[in-house]
Amino acid sequence: MSVMVARKKVVRKWEKLPGRNTFCCDGRIMMARQKGIFYLTLFLILGTCALFFAFECRYLAVQLSPAIPVFAAVLFLFAMATLLRTSFSDPGVIPRALPDEAAFIEMEIEATNGTVPQGQRPPPRIKNFQINNQIVKLKYCYTCKIFRPPRASHCSICDNCVERFDHHCPWVGNCVGKRNYRYFYLFILSLSLLTIYIFTFNIVYVALKSLKIGFLNTLKETPGTYPSTSLTVLTVLEVLICFFTLWSVVGLTGFHTFLVALNQTTNEDIKGSWTGKNRVQNPYSHGNIVKNCCEVLCGPLPPSVLDRRGILQQEESTAQEESCPRGPSAQEPTAAQGPDGQAEESSAQQKDGSLPHLSAVPVPSLSNAEMPEEKQLTSGELPVPSQDAGQAEH
């Protein structure tokens, strides 16, 4: 017997989210699809720090102070924690409009702008919004079908509108926006300190070695085994990596410190939103460096509006064949021997030879959860007789 059974398939919301993102750990981790440079960032940080802890730290801890590797470990762990927090979090993606919402917005725009004659360019879709007695324009996103909030922008790489969009950073493998900008700033700040720290103590290591055996002998490492020679080569490699990293990371940290002090984003600085020809003042700045830093770095962190791990239930109807158990009640009528030795009829057939009433035949029943959605009854609800039943009563 073939029976249609409705099964509910549990689907998380992150599986249906549009955009070009990668999700891991059942939606807990959200990144961009282009992650190659992020892996390079991990390799450079982990490789340089591993060489420093494996070789120089042991020598410096004995010759100078055991606090040197401890402080380096604190900087390393803090930099890695902020990097992973920046890379694996939602930067502030704004959900796209649902079909009904998009149709309503389109209808509002048409009612406002009127019918545009054929061949003419339609006017830009802009709404004016007032912030601190200053007019700010909200632009319409044709991809997400929404009017973007102030300071939001659409990332062409991730294909999402991001609130307080700063920039897309391939080094962290994610967009930098309202929900992860403070962690990004703390990451580049701690990475700058870590790079300066390793670079400085690598120079100190070479200087201490040179005082004992001379600079040229330190480069040759004459105490005389192959591992000691490779040690000097690795030290020189660390110095070169840290030297070239200093120019980019420290410069980037200084630039973002300037932006934090002005309460400004990289996107606004590149576009010249507040330094253009009109010389419009930044409406988001408090005019005080301390207040701007507190708002950007210490303000309340808004929750994610994506609800990535929310559940979407989709019903799937599947046809299954149910095999009825062949028990005594389901078997064919068999003759049983009575006390007089004659065969008695089965209880499924009446004595007059007629079949029993339909109500006496067991019918497989479906629970309320297995019934189709239109047939389910809520608690306290009475079943409504069908039209056929009403005709039968008449």
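Being a predicted model, the structure only gives us computed values, none of them experimental. (Residues numbered from 1 in each chain as written. Predicted model: local features only at pLDDT ≥ 70, side-chain atom pairs only at ≥ 80, totals over all residues. Heavy atoms only, no water.)

Moving on, we come to the overall build of the protein. When its secondary structure is counted, the protein shows nine helices and 14 strands. Residue pairs at least 24 apart in sequence account for 65% of intrachain contacts in the protein once pairs closer than 6 positions are excluded. Taken as a whole, the protein presents about 25,500 Å² of accessible surface, with 61% of it coming from carbon and sulfur. (Helix = DSSP H or I, 4+ residues; strand = E, 2+ residues; numbered from the N terminus. Contact = heavy atoms within 4.5 Å. Areas by Shrake-Rupley, 256 points an atom, 1.4 Å probe, with all protein chains shown as cover.)

A few words on the sheet that holds strand β7 (residues 146–147). With antiparallel pairing, three strands are arranged side by side in an open sheet as β5-β6-β7. Pairing within the sheet leaves two strands with one partner each, and these edge strands are β5 (126–131) and β7. Where strand β6 (residues 134–141) lies against β7, two bridges are found, and the strand directions are antiparallel. Each bridged residue has a counterpart across the sheet, and for Cys-141 the counterpart in β7 is Ile-146. (Pairing = 2+ DSSP bridges.)

Here the focus is the side chain of Gln-264. Looking at the element boundaries, Gln-264 is found in the loop between α6 (226–262) and α7 (266–271). Using a relative accessible area of 7% as the deciding quantity, one classes Gln-264 as buried. If we skip the residues at most four places from it in the chain, Gln-264 touches Arg-151, Arg-164, Leu-259, Asp-269, Trp-274 and Asn-282. (Buried < 20%, exposed > 50% of the residue type's maximum accessible area, 1.4 Å probe, protein only.)

Further remarks concern the pairing of β6. In terms of strand pairing, β5 meets β6 through six bridges, oriented antiparallel. Residue pairing in the sheet places Ile-126 in a bridge with Lys-139 of β6. Here β6 hands over to β7 after four residues, with Lys-145 in that stretch at a positive phi of 60°.

The tally for this structure, following the rule as stated, stands at seven salt bridges. With a closest N to O distance of 2.9 Å, Glu-268 and Arg-151 form a salt bridge. Pair noted here: Glu-268 is in helix α7 and Arg-151 is in the loop between β7 and β8 (153–155), with a separation of 117 residues, a long-range link. For the pair formed by Glu-268 and Arg-151, the shared burial category is buried. It is possible to trace a salt-bridge network through shared partners that takes in Arg-12, Asp-26 and Arg-309. (Salt bridge = Lys/Arg side-chain N within 4 Å of Asp/Glu carboxyl O.)

Taken as a whole, this structure holds 14 aromatic pairs when the rule is applied. Note on Tyr-181 and Phe-184: the rings are 6.5 Å apart at their centroids and 40° apart in plane angle, and the pair reads as tilted. Of this pair, Tyr-181 and Phe-184 both sit in helix α4 (residues 181–213), three residues apart, which is roughly one turn of the helix. Under the relative-accessibility criterion, Phe-184 is labelled buried at 1%. Their ring planes at 55° and their centres at 4.7 Å tell us that Tyr-197 and Phe-201 sit as a pair that is tilted. Taken together, the positions of Tyr-197 and Phe-201, both in helix α4 and four residues apart, correspond to about one turn of that helix. (Phe/Tyr/Trp six-rings, centres within 6.5 Å; stacked < 30°, edge-to-face > 60°.)

This part covers the environment of Cys-298. With respect to the helices and strands, Cys-298 occurs in helix α8 (residues 289–298). Residue Cys-298 is classed as exposed on the basis of its relative accessible area of 60%. Taking the C-alpha atoms as reference points, Cys-298 and Arg-182, 116 residues apart in sequence, are found 8.2 Å from one another. Apart from residues lying up to four places away in sequence, Cys-298 is in contact with Arg-182 and Cys-293.

A few words on the sheet that holds strand β4 (residues 93–94). Spatial strand order, β4-β9-β8: three strands in an open sheet with antiparallel pairing. The sheet is open, and its two borders are formed by β4 and β8, each paired with just one other strand.

Our focus in this paragraph is the UniProt feature "transmembrane region" (unreviewed entry) in the protein. Summarizing the sequence annotation, UniProt attributes the feature "transmembrane region" (unreviewed entry) to residues 37–55, 67–84, 183–208 and 228–250 in the numbering used throughout. End-to-end, the C-alpha atoms of residues 67–84 are 26 Å apart, and along that stretch the chain is 100% helix and 0% strand. Annotation note: span residues 183–208, helix share 100%, strand share 0%, distance between end C-alpha atoms 37 Å. (UniProt positions renumbered as here; feature names shortened; annotations may be inferred.)

Spanning 28 residues, helix α1 (residues 36–63) covers 40 Å between terminal C-alpha atoms, matching the ideal 40 Å at 1.5 Å per step. Along α1, the helix axis deviates most sharply at Glu-56, where the bend reaches about 45°. Here α1 has its buried residues at Phe-38, Thr-41, Leu-42, Ile-45, Thr-48, Cys-49, Phe-52, Glu-56, Cys-57, Tyr-59 and Leu-60. (Expected span 1.5 Å × (residues − 1). Bend = angle between axes of the 7 residues up to and from the residue.)

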